[in-house]
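Given next are the chains, with one letter for each unit.
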Amino acid sequence: MGAIKAAICDGVLTFMWVFCVSTVGPLTYIIASALSIKGIFSLVITTFLVFLLLFIFGFIAEILGGATFNPTATAAFYAAGVRGVSLFSAALRFPAQAAGAVGGALTIKEVMPLQYKHMLKGPFLKVDIHTGAIAETLLTFTITFAVLYIVLRGPRSPIVKTWLLAMSTVTLIVFGASYTGPSMNPANAFGWAYVNNKHNTWEHLYVYWICPFVGAILSAWIFRAIFPPPIKQKRA
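Values in this document were obtained by computation on a predicted structure and should not be read as measured data.

1. Section: the overall build of the protein
Broken down by element type, the protein carries nine helices and zero strands. Helices (α) and strands (β) of the protein occur, in sequence order from the N terminus, as α-α-α-α-α-α-α-α-α. Radius of gyration (C-alpha) of the protein: 18 Å, near the 18 Å computed for a compact globule of 236 residues. In terms of overall dimensions, the protein has a C-alpha envelope of 65 × 40 × 35 Å along the principal axes. Of all 236 residues assigned to the protein, the portion counted as buried reaches 44%. Long-range contacts, defined as pairs at least 24 residues apart, comprise 80% of the intrachain contacts of the protein with a sequence gap of at least 6. Only carbon and sulfur atoms are counted for the fraction: they give 70% of the accessible area of the protein, which is about 12900 Å².

2. Quick notes on the UniProt feature "transmembrane region" (unreviewed entry) in the protein
The feature "transmembrane region" (unreviewed entry), as given by UniProt, occupies residues 12–32, 39–61, 129–151, 163–181 and 206–227 in the numbering adopted here. The annotated region residues 206–227 carries 95% helix and 0% strand content, and the separation between its end C-alpha atoms amounts to 30 Å.

3. Some words on the packing of aromatic side chains
According to the stated counting rule, one finds 16 aromatic pairs in the structure shown. Judged by centre distance (5.6 Å) and plane angle (70°), the rings of F51 and W163 are edge-to-face. Of this pair, F51 sits in helix α3 (residues 42–63) while W163 is found in helix α7 (residues 158–176), placing the two residues 112 residues apart along the sequence. Taken together, a centroid distance of 5.3 Å and an interplanar angle of 5° make the contact between W202 and Y206 stacked. Here W202 and its partner Y206 are both found in helix α9 (residues 202–226), four residues apart, which amounts to about one turn of the helix. Judged by its relative accessible area of 19%, Y206 falls in the buried class. An aromatic cluster is built from F48, F51, F55, F59 and W163, whose rings are joined through pairwise contacts.

4. Overview of the side chain of E136
Mapped onto the elements of the fold, E136 is located in helix α6 (residues 129–153). Here E136 is buried and forms no salt bridge, its nearest opposite-charge partner K126 lying at an N-O distance of 10 Å. Among the polar contacts made by the side chain of E136, one reaches the main-chain amide nitrogen of S183 at a distance of 3.3 Å. Only 2.5 Å separates the side chain of E136 from the backbone nitrogen of M184, close enough to count as a polar contact. Here E136 is in contact with T180, P182, S183, M184, V207, Y208 and P212, once residues within four sequence places are set aside.

5. Topic: the environment of A80
Relative to the elements of secondary structure, A80 occurs in the loop between α4 (71–79) and α5 (87–111). Here A80 is in contact with L148, A220, R224 and P229, once residues within four sequence places are set aside.

6. So, the nonpolar core
Of all hydrophobic cores here, the largest spans 26 residues; its most connected members are L13, W17, V18, F57 and W192. Not counting chain neighbours up to four residues away, the residues in contact with F57 comprise L13, M16, W17, C20 and F69.

7. Let's talk about α9
The periodicity of an α-helix, 3.6 residues per turn, causes residues three or four places apart in sequence to face the same way. If you check α9, its first and last C-alpha atoms are 35 Å apart, about what 25 residues at 1.5 Å a residue would give, namely 36 Å. The largest bend in α9 amounts to roughly 30° and is located at C211, with the proline P212 lying one to four residues further along.

8. Regarding the packing of α4 against α9
Packing of α4 against α9 brings their axes to within 8 Å, and their N-to-C directions diverge by 30°. In terms of orientation, α4 lies roughly parallel with respect to α9. The two elements α4 and α9 cross, and the hand of that crossing is right-handed. Together, P71, T72, A75, A76 and A79 of α4 and W209, P212, F213, A216, I217, A220, W221 and R224 of α9 make up the contact between the two elements. Its residues placed into classes, the contact of α4 with α9 shows 11 nonpolar, one polar and one charged.

Conventions used here
Residues numbered from 1 in each chain as written. Predicted model: local features only at pLDDT ≥ 70, side-chain atom pairs only at ≥ 80, totals over all residues. Heavy atoms only, no water. Helix = DSSP H or I, 4+ residues; strand = E, 2+ residues; numbered from the N terminus. Rg over C-alpha atoms; globule rule 2.2 N^0.38 Å. Buried < 20%, exposed > 50% of the residue type's maximum accessible area, 1.4 Å probe, protein only. Contact = heavy atoms within 4.5 Å. Areas by Shrake-Rupley, 256 points an atom, 1.4 Å probe, with all protein chains shown as cover. UniProt positions renumbered as here; feature names shortened; annotations may be inferred. Phe/Tyr/Trp six-rings, centres within 6.5 Å; stacked < 30°, edge-to-face > 60°. Lys, Arg positive; Asp, Glu negative; His and termini not counted. Salt bridge = Lys/Arg side-chain N within 4 Å of Asp/Glu carboxyl O. Polar contact = N/O pair within 3.5 Å; in protein donor to acceptor, adjacent residues only side chain to side chain. Core = buried A, V, L, I, M, F, W, Y, C linked by side-chain atoms within 4.5 Å. Expected span 1.5 Å × (residues − 1). Bend = angle between axes of the 7 residues up to and from the residue. Axes fitted to C-alpha atoms, helices over the stretch in contact; angles between N-to-C directions. Parallel < 35°, antiparallel > 145°, perpendicular 65-115°, else oblique. Left-handed = near helix turned anticlockwise from the far one by under 90°. Nonpolar A, V, L, I, M, F, W, Y, C, P; charged D, E, K, R; others polar.

Shown next as structure tokens:
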């Protein structure tokens, strides 16, 4: 029952995340236009919006019992020896996250005003498949290490932690924009691939599922080697 509840919570959280994060692009454009801001300065607006989402979703995740909207995050924290999750639980949670992402993508496509719908493309491959695979692996490796370090070894202030996470995320999105989107989140990529009828291709599986998991788990293993989890002392 616990695994089923966790899967449902993950699906709900992923639905909400994909729906909300898809508004960042249009909102950045609207705010930047209103303030007559152009170019690189608009990234400040994007970073602030991502910061707000991460901060709010952090509270929602706690309310939902530690739910997550990214399958690679679940795998990475497990590989780093931080959070245990059974194979049965993972087998339920990953499909639930993918289903939630599909629901979020379909819903935002329906409610987004027509003049901004062209901004709702989701991540897609802009280079050859192997270059994209390498890029998605490296990007997910980097963001995973950054998340693990910030969450587990970073500052105590949740506001500072969240700001650092937002800056890391936006920076890697900028670096990966001309390669894979990027995604760094298989569930989010699946949601938009489903909307665009590309979810059942080898390209999608290879670039947006296999490679992110490889990058995240390798990153977690290296993080664990550098920062081993504390050994619990047995009581006499």
